[in-house]
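Structural overview
Each chain, written out:
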Amino acid sequence: MRPDLLKMKEVALIYLDRSGGLQKFVDDCKRYNDSKQSYAVYRFIISVNPSDIAELDVALGNQILHKPMKAVQIFQSVCFIAIKTLSLIEQLQTEAQINIVLKPTHLPPLPSYVLSLCEFPLDYISQRFYMSEGIVIAMGTVTKYTQGARFLCSEETCPFSEGFNYIRVHVPGATESATVRNDFVCSLCASPLQEDMKFRVLGDKQLVEMIDAKALSAFQGYSNNKPHFRIQSFTVFLRDELSNKMKIGNRYRFIGIPACIQNCSQVTVCIEVNSIQLCSPEGGTCISENFKYLLSLTSSSCWRFTAILANIFASQVVPPGTYNTLKLSILLSLVQTRERDSETADYLDLLVVTSDTLIADRLLNYSVCLVARGIRHPASNDIFPTVSKDKHGTGTASIQACSALLAKGGICFIGDLLSQKKDKLELLQSVLESRTTTVFIPGKKYGEDVDQQVILPIQTSFWTFVDEDSSSKKYVQKDDTLIGKLDLRSISANLIDAFGLLIHCSELSCQLVLPLLDHIMKKAIDQEEVPYTISQQFRTQDYEELIVFAKNLQVELSSEAERLIHGYYLASRRVRTDSIHGSKLSTSALKILVSLSEAHTKLSLRRKVLEEDVLIAVLLFESSLTLKHGASVFCVAPNAVFPFDLIDENSLQQRDVYLMQCHQQLLQFIATYSPGTHVTTSEE
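Worth saying up front: this structure is predicted, and the values here are computed from it rather than measured.

1. Here's the deal with the overall build of the chain
Along the backbone of the chain there are 21 helices and 23 strands. For the chain, buried positions account for 51% of its 684 residues. At a minimum sequence separation of 6, the contacts of the chain that also span at least 24 residues come to 74%. Working note: accessible area of the chain is about 32,200 Å², and carbon and sulfur atoms make up 52% of it.

Here you go:
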């Protein structure tokens, strides 16, 4: 034996002993031995730390990183000697029966170990480990593949017509035909080899399609001078213990070996995944100095900072001071996005009713790009997951993510709601109510014995808008319409109720019409022009950083805020209940109120929800209820959150006084219609 090879085997044994891998290997052998069953292949998973091994022996570390197939042979030899020396598995006969799977704990943080299909050149021939990242956009069902097989010589007099001399195991990047086919011949007598079907070992296999996270910008309608790049999806193979370890819509970092797979005339670059890690969202660490200064200037009031944020927000799209209620609602929805799996996630879905759909579309389109997982849904595509045949020719079902799952943990902007067909709107209503969607997979169509139903969670907030003039054109106005209620008979009442907030953009005063027209004309002439000084002081990037920082704040309800929310909920439920239709408050009303209150706290960059935050939440929610069902005893103005144009400090002071009056009105409303709830009044 070559001295260098012998040394690497010694180092492999030393590493296994020091890392605890040898004890795990002995335990795995014991399970095989206790079964008393003879296997063609004995599979062992060995975790290796490239850094630790490189410190022991550079040559072995290099083999693991750059020639993993040869490294597998070294560990295979060491494990076989250990089994025979220690008599760990009595049934084992040959070294070929040992199938070693090396799983590196990490790769060196160097560019040469990162594989991205957005960059050239692509190295997919070297058959070594790479690290990559991607978002799951399609996922196939779990099928079987041949993990290992035993072959025997067909010539009975040949010594290899029995025993375990011809063992074939799956290697990364190999197809099924590379492991099992009928043209293998005996190396001793050149007779054909025949598979012993009793010893075939099957494993689980799953095909997953992914895209680079950068590719999501292609699904965002607003472009902020982003560079152009190549977008290509890629297929990864999940085998055995990794099957079903990925969830559609999630972002993962993984280690794997790339390979080329030829299907008819097409050659596809695939990656055989070795290990998987869910990517954690990056938390914001700071906000801009201008926002910090603004926060210090407005510290005397709990309402001023968010009011100014909304007032100057999206000045690249609309003039400051226009659509303030809508802009505040957008910001509250953005800070409630959460890029992680969570059963307690809070969603703020927005349904905007406006007579100027172009401006609303531009504003929502601009805003959706402020979060990493903001998706502008193309009208020609499906919002929710669909099923199609796997494109690799396996004939199995593949679930396609579509817009809602691509926007997981973010925002899905649907566009004009009335552009969707009736069945799509019914499905949207079902998803908004349950936050899940069911995908039906007919077994007969996709080669399965039974039909399957896959339930997928929809963890995203939905935005959409409706042209208020479209309803009046199609329907004759009713005389019995309740005060404050919008006539939206073109949309089902249940669908409207399913949205957390219904916002009517009717607050555009005569003083702001001319600035809006002036803004549109300037942008039409020169899109790059910055028409307002405020746009330079508070840039789009500043708002992106602010949203990332705010949404990662952990907030808690104060006891006073909690009592105020429950008091309003009970009182509102009482006044909006009749004997015929029951309560007009949806089952999610309390959750929406809490979510709005927490969102305002986050946007205010605080960690405790105060009564002032609850007041803003109540005013927004009550305005939405009024638009849906008409005014109640607790009557709020349509523009209750922004009763005045914010042009100077005096107008901010006037707004504070008005909101304090609204607070007293809310306390009186609770005391009258929910007397069992104790809330603290200003007199107390």
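2. Description of helix α21 (residues 649–673)
Its 25 residues give α21 an end-to-end C-alpha distance of 36 Å, which sits within 8% of 36 Å, the value for a rise of 1.5 Å per residue. Within α21 the residues assigned to the buried category are Ser651, Leu652, Arg655, Asp656, Leu659, Cys662, His663, Leu666, Leu667, Phe669 and Ile670. Check the buried side of α21 and you find it contacts α8 (304–312), α18 (559–575) and α20 (611–629).

3. With respect to the packing of aromatic side chains
The relation between two aromatic rings is expressed through the spacing of the ring centres and the mutual angle of the planes. In the structure shown here, the tally under the stated rule is 21 aromatic pairs. Considering the side-chain rings of Phe413 and Phe465, the 6.2 Å spacing of their centres and the 45 degrees angle between planes classify their relative orientation as tilted. Placement of Phe413 in strand β15 (residues 411–416) and of Phe465 in strand β18 (residues 461–467) is noted, with a sequence separation of 52 residues between them. When sorted by exposure, Phe413 lands in the same class as Phe465, which is buried.

4. Concerning the side chain of Glu209
Here Glu209 lies in strand β7 (residues 201–211). On the accessibility criterion, Glu209 (14% relative accessible area) is buried. A distance of 2.7 Å separates the side chain of Glu209 from the side chain of Ser233, its partner in a polar contact.

5. Section: the sheet that holds strand β11 (residues 350–354)
Here five strands make up an open sheet; going across it, the order is β12-β15-β18-β11-β19 and the pairing parallel. The sheet is open, and its two borders are formed by β12 (374–376) and β19 (501–504), each paired with just one other strand. The mean angle between the axes of side-by-side strands here comes to 15 degrees, regardless of whether they run parallel or antiparallel.

6. Focus: unusual backbone geometry
The phi dihedral of Asn244 falls on the positive side, at around 65 degrees, and the residue is not glycine. If you trace the backbone, Asn244 turns up in the loop between β8 (234–239) and β9 (251–263). Residues other than glycine seldom take positive phi values, yet Tyr323 does so here, at roughly 50 degrees.

7. Remarks on the packing of helix α4 (residues 58–66) against helix α5 (residues 68–86)
Relative placement of two packed helices is described by the angle separating their axes and the distance separating the axes. Closest axis-to-axis distance for the α4/α5 pair is 6 Å, and the angle between their directions is 125 degrees. When the interaxial angle is binned, α4 and α5 end up oblique. Residue-level contacts link Leu60, Gln63, Ile64 and His66 of α4 to Pro68, Lys70, Ala71, Ile74 and Phe75 of α5. Per-class residue counts for the contact of α4 with α5 are six nonpolar, two polar and one charged.

8. Things to note about the confidence of the model for the chain
Atom-level detail of predicted coordinates should not be read off regions where pLDDT is low. Here the chain averages 85 in pLDDT, while 87% of its residues score no lower than 70. The least confident element of the chain, judged by mean pLDDT, is helix α15 (residues 510–525) at 60; the most confident is strand β23 (residues 608–609) at 96.

9. Focus: the pairing of strand β1 (residues 42–48)
A regular strand carries its side chains on alternate faces of the sheet. The buried count for β1 comes to five of seven residues, which makes it a mostly enclosed element. Pairing of β1 with strand β2 (residues 98–104) involves seven bridges; the strand directions are parallel. Pairing of Phe44 across the sheet is with Ile100, part of β2.

10. A few points about the environment of Thr146
Inspection of the secondary structure puts Thr146 in strand β4 (residues 143–153). Using a relative accessible area of 0% as the deciding quantity, one classes Thr146 as buried. Expressed as a C-alpha distance, the spacing of Thr146 and His170, which sit 24 residues apart in the sequence, is 7.0 Å. A distance of 2.4 Å separates polar atoms of two side chains, one belonging to Thr146 and the other to Glu176.

11. Some thoughts on the packing of helix α1 (residues 3–19) against α5
Closest axis-to-axis distance for the α1/α5 pair is 9 Å, and the angle between their directions is 70 degrees. When the axes of α1 and α5 are compared, the pair comes out roughly perpendicular. The chirality of how α1 crosses α5 is right-handed. Here α1 contributes Leu5, Met8, Lys9, Ala12, Leu13 and Leu16 to the contact with α5, which in turn contributes Ile74, Phe75, Ser77 and Val78. Looking at the contact of α1 with α5 residue by residue, the class counts come to eight nonpolar, one polar and one charged.

12. Thoughts on the environment of Glu622
Examined against the element boundaries, Glu622 turns out to sit in helix α20. Look at Glu622 and you get buried, because its relative accessible area is 1%. If near-sequence neighbours (up to four positions away) are discounted, Glu622 is found in contact with Tyr568, Ser572, Arg576, Ser632, Phe634 and Val636.

13. Quick word on the pattern of salt bridges
Charged atoms that come close allow side chains of opposite charge to pair. Taken as a whole, this structure holds 25 salt bridges when the rule is applied. With a closest N to O distance of 3.2 Å, Asp28 and Lys24 form a salt bridge. You can see Asp28 and its partner Lys24 sitting in helix α2 (residues 21–35), four residues apart, about one turn around the helix. In this structure Asp28 comes out as buried when scored by relative accessible area, which is 12%. A relative accessible area of 41% means that Lys24 is categorised as partly exposed. Note that Glu195 and Arg200 form a salt bridge whose closest N and O atoms lie 2.7 Å from each other. When its relative accessible area of 18% is taken as the criterion, Glu195 is described as buried. Salt bridges sharing common partners tie together Arg43, Lys103, Asp240 and Glu241.

14. Some thoughts on the state of the cysteines
Inspection of the entire model under this criterion finds zero disulfides. With no disulfide of its own, Cys29 has Cys79 as its nearest cysteine by sulfur position, at a separation of 7.4 Å.

Thresholds, definitions, all that
- Residues numbered from 1 in each chain as written.
- Predicted model: local features only at pLDDT ≥ 70, side-chain atom pairs only at ≥ 80, totals over all residues.
- Heavy atoms only, no water.
- Helix = DSSP H or I, 4+ residues; strand = E, 2+ residues; numbered from the N terminus.
- Buried < 20%, exposed > 50% of the residue type's maximum accessible area, 1.4 Å probe, protein only.
- Contact = heavy atoms within 4.5 Å.
- Areas by Shrake-Rupley, 256 points an atom, 1.4 Å probe, with all protein chains shown as cover.
- Expected span 1.5 Å × (residues − 1).
- Phe/Tyr/Trp six-rings, centres within 6.5 Å; stacked < 30°, edge-to-face > 60°.
- Polar contact = N/O pair within 3.5 Å; in protein donor to acceptor, adjacent residues only side chain to side chain.
- Pairing = 2+ DSSP bridges.
- Axes fitted to C-alpha atoms, helices over the stretch in contact; angles between N-to-C directions.
- Parallel < 35°, antiparallel > 145°, perpendicular 65-115°, else oblique.
- Nonpolar A, V, L, I, M, F, W, Y, C, P; charged D, E, K, R; others polar.
- pLDDT = per-residue confidence, 0-100.
- Left-handed = near helix turned anticlockwise from the far one by under 90°.
- Salt bridge = Lys/Arg side-chain N within 4 Å of Asp/Glu carboxyl O.
- Disulfide = S-S within 2.5 Å.

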